[in-house]
Each structure stands twice: as C-alpha cells, then as structure tokens.
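If you want the building blocks of each chain, they are given just below.
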Amino acid sequence: MQELDFSEFPPGTVTEYTTLVCLACIFDIFTKQIGLAPRSAYSEIKRYSPTVEELTSRKAVRPFFDSDEKHPRCPYCDAAKRWHARLDTYAIEGGKTTDTPRRKLVKSVEKKKDQFAVIELKSDRRSTFFDWLDTLRISLDLNDPAWLLQATKAYLERKEPKQKWNKVFDGLRGVRPSSRLEEGWARDGTRLFLAPSLYNESLLVQYLVSRFHEHGGRTLEGRLTLIELIRRMRKGGYLSAHNIDATDQFEIFERLLDEVAGSGQLKLYYLVDRREFIDKVKSVYASYA
Ligand SMILES: [Zn+2]
C-alpha cells in the first residue's frame, strides 16, 4: 500500500491517529442487531464511515479497539486478526502554512473515493493546541530528561514552522534564557539562547506536558507550581509585555494559554485512510457468505 506523503507539512500541523476495528463485531451489529441479510450488511459496511470521534478517541469503544500486540484478539468478541482492519486518520490543521500541501494531498486521493474520506470540522486554536499537547506527551518519555529539550523543540516548531529546528537542535546540550535577546533565539556552541518571552513560553509548555505526571510540573527550571511559574513570568516582564493585568491566577493562566495556544477559530481536515478497511471487508465477506 502506498504511503501518504506528509513531508511538505510543517512539523506539528498533522496529528496521526490509528485505531483497529473489528469486522466480526460490525457484521454482528448489522446482521443480528439491525437484522440485515449478509449481502445488504456487506454493502452497508463498505459505505460505513466512522465519526471523527470514533476514529480519534483515546478510549476506543466497540467495534473499535487499540492494541500494540502482534496478534491481537478483539476485546469484545475474541475474533482473531484476520477480522481486524486498521483505520489511520490524519488531522491536518487548516491555515496558511498547510493550505498548499493539503490541497495537493486531497487532490491526489480524490479519485479514490471509497478508499479515502476527507472530513472538515470547525475547531478552535485552544482545543487544537491541547490535542497537539496530548500527542506530544504520548511521544515523549518523561522519565528521560531529554524530553525537556524535545518538548522545547516541538514548541518552537509550532511557533516558527519555517525555521529548520532539526539543525538548530543538532548536538544541543542546553537551552537558556538570554536577557540580551529581545526576541528570537541564538545558538552559541552547544547551547541555545532564547529571548526571555520565548523561554518562558517554552517553560509553560513543559509545565503543561508534565503537570499530570507523578513528578509533575517539571521544566528546564526544575519543578514549578503554577503559582511559581506565573510569578516567574511576572518578574520577567512577560505579563506586562502581553497586557495581562488580571490578578486571579486562573484568569492569568487563561490569558497565558491564549498566548501560547492562540485564540479564535480554526478548521481541521481529517483524512481517513480506508484502504485496509475496504480490503478486509471484502475478504471477510467472501468467507462469511
Ligand atoms: Zn469483535
């Protein structure tokens, strides 16, 4: 099967979700619960288009399930692997940096209507940011201190997608704030210096990534509570520079989230790869009928 090419999208703008679906469960639902004959069940199932919720949920429900095993069994009906199909879903953030590669990609799959589905959904920057954060957390090993640099890099990639951050972070040993920089960054030897506001934002992202971990709230400045983080940002002039004059810490936190996540509406484009699903439905039906 030809792999989809996402190399033209800036890092952090495409989120991949994978789920397994049990066709034995689906056939069971269509034939026993809905009462269709196998032939009609087959044509319904081929057209069956799961919702974005079903495809991207972290907690799968029947007939969907997640498994890393080589030969998983359906957790609901115990069906073996030949009854399972994988559905890959790619969520692409709408926006200037992704419009061109997205149109190109959608055009390339347009002719294969059964095999791919494209679903457009309205979202907002805040929830997209938290989805991104969630995906980032899963990809990091919080027990390995290297995650702090990886999380910083991921944030910078999101903030300035045009920069070649792989190169900037190559061989890097540490990230420090520099009061000599008003904005942006500078690399010196094995260290990366960030302007204070950029540095503080990356601390906030580190805090958000690690806050529910057992030694939560870890940052490049060690363990920080939300109050300590806010105090630090106030002292560094971040709050006044961004016109945040609230006094309540939760109000301040909300405003800080607007700064790092952005605010306002956003479109999400979900590209669903149905190829394995269609193939498996055919082969399963052949053995069913
Ligand atoms: Zn099943």
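Below or above, wherever it landed, is the structure these notes cover. The numbering scheme is per chain: residues are counted from 1 as the chain's sequence reads. Totals for whole chains, interfaces and linings use every residue, but because this is a predicted model, local features are given only for residues with pLDDT of at least 70 and side-chain atom pairs only at 80 or more, for both listing and counting. As a convention, hydrogens and water are excluded, and side-chain values are obtained from all of the structure's heavy atoms.

1. Topic: the overall build of the protein chain
Turning to step 1, where the next piece is worked out: A run of H or I in DSSP becomes a helix once it reaches four residues, and a run of E becomes a strand once it reaches two; helices and strands are each numbered from the N terminus. Assigned secondary structure in the protein chain consists of 12 helices and 10 strands.
Turning to step 2, where the next piece is worked out: With 289 residues in all, the protein chain has 43% of them scored as buried.
Turning to step 3, where the next piece is worked out: In what follows, residue pairs with any heavy atoms lying within 4.5 Å of each other are defined as contacts. Within the protein chain, counting contacts between residues at least 6 apart in sequence, those at least 24 apart form 66% of the total.
Turning to step 4, where the next piece is worked out: Exposure was quantified through the Shrake-Rupley algorithm and a 1.4 Å probe, taking into account, for residues, occlusion by the shown protein chains and nothing else. Looking at the protein chain as shown, the accessible area adds up to about 16300 Å², and 47% of this sits on carbon and sulfur atoms.
Turning to step 5, where the next piece is worked out: Charge counting treats Lys and Arg as positive and Asp and Glu as negative, with His and both chain ends excluded. Here the site of a charge means NZ on Lys, CZ on Arg, CG on Asp, or CD on Glu. Across the protein chain, the 48 positively charged side chains and the 42 negatively charged ones have centroids separated by 3 Å. Relative accessible area decides the class of each residue, using a 1.4 Å probe on protein chains only: under 20% of the type maximum gives buried, over 50% gives exposed, and in between gives partly exposed.

2. Remarks on the pairing of strand β3 (residues 84–93)
Turning to step 1, where the next piece is worked out: Here β3 lies mainly inside the structure; nine of its 10 residues are buried.
Turning to step 2, where the next piece is worked out: By the bridge criterion, nine bridges tie strand β1 (residues 14–22) to β3 in an arrangement that is antiparallel. From the neighbouring strand, T15 faces β3, where its bridge partner is A91.
Turning to step 3, where the next piece is worked out: Each pair of strands is called paired provided DSSP finds at least two bridges between the two strands. Two elements, β3 and strand β10 (residues 265–273), share six bridges in a ladder whose sense is antiparallel. If you follow E93 over to β10, its bridge partner there is L268.

3. Brief notes about the coordination of the zinc ion
Put simply, a metal with four donors set out as a tetrahedron has ideal angles of 109.5 degrees, and one with six donors set out as an octahedron has ideal angles of 90 or 180 degrees.
Turning to step 1, where the next piece is worked out: Each metal's donors comprise the N, O and S atoms found within 2.8 Å of it (within 3.2 Å for Na, K or Ca). Water is not part of the atom list, so some coordination spheres may appear incomplete. Within the first shell, the zinc ion binds the protein through C22 (SG), C25 (SG), C74 (SG) and C77 (SG), at distances of 2.3 Å.
Turning to step 2, where the next piece is worked out: In these descriptions, tetrahedral denotes four donors with every angle between 85 and 135 degrees, square planar four donors and octahedral six donors with opposite donors over 155 degrees apart and the rest between 65 and 115, and irregular any other case. Given four donor atoms and angles of 106 to 113° at the metal, the environment of the zinc ion is assigned as tetrahedral.
Turning to step 3, where the next piece is worked out: For the zinc ion, the single-chain donor residues occur in sequence as C-x2-C-x48-C-x2-C.
Turning to step 4, where the next piece is worked out: Of the residues examined, C25 reaches a relative accessible area of 0% and is grouped as buried.

4. Concerning the sheet that holds β1
Turning to step 1, where the next piece is worked out: Sheet architecture is open: five strands sit in the order β2-β1-β3-β10-β4, paired in antiparallel fashion. Here the strands that pair on one side only, and so sit at the sheet edges, are β2 (64–65) and β4 (116–124).
Turning to step 2, where the next piece is worked out: Relative to the sheet, helix α1 (residues 23–33) contacts β1 and β3, its axis offset from that of β1 by approximately 65°.
Turning to step 3, where the next piece is worked out: Helix axes use the C-alpha atoms of the stretch in contact, all axes being lines fitted to C-alpha atoms, and the angles between their N-to-C directions lie in the range 0 to 180 degrees. Contacting β1, β3, β4 and β10, helix α5 (residues 125–139) crosses the sheet at an angle of about 120° to β4.

5. A look at the packing of α5 against helix α6 (residues 147–159)
Turning to step 1, where the next piece is worked out: Direction vectors running N to C along α5 and α6 enclose 150°, while the axes themselves pass 11 Å from each other. Regarding the angle of α5 to α6, the classification is roughly antiparallel. With respect to the hand of their crossing, α5 and α6 are arranged in right-handed fashion. Every residue of α6 that contacts α5 at T128, F129, W132 and L136 is listed here: A151, A154, Y155 and R158.
Turning to step 2, where the next piece is worked out: Taken together, the residues that form the contact of α5 with α6 break down as six nonpolar, one polar and one charged. The labels follow the angle: roughly parallel below 35 degrees, roughly antiparallel above 145, roughly perpendicular from 65 to 115, and oblique for the rest. Crossing chirality is assigned from the near helix's rotation relative to the far helix, an anticlockwise turn below a right angle marking it left-handed and a clockwise turn marking it right-handed. Amino acids outside the nonpolar list (Ala, Val, Leu, Ile, Met, Phe, Trp, Tyr, Cys, Pro) and the charged list (Asp, Glu, Lys, Arg) are all regarded as polar, and Gly is one of them.

6. A few points about the sheet that holds strand β5 (residues 174–177)
Turning to step 1, where the next piece is worked out: One open sheet accounts for three strands, arranged β5-β7-β6; its pairing is mixed. The sheet is open, and its two edges are formed by β5 and β6 (185–188), each paired on a single side. Neighbour to neighbour, the strand axes of the sheet diverge by 25° on average, direction disregarded.
Turning to step 2, where the next piece is worked out: Helix-sheet contacts for helix α8 (residues 196–210) involve β5 and β7 (191–194), and the interaxial angle to β7 is about 105°.

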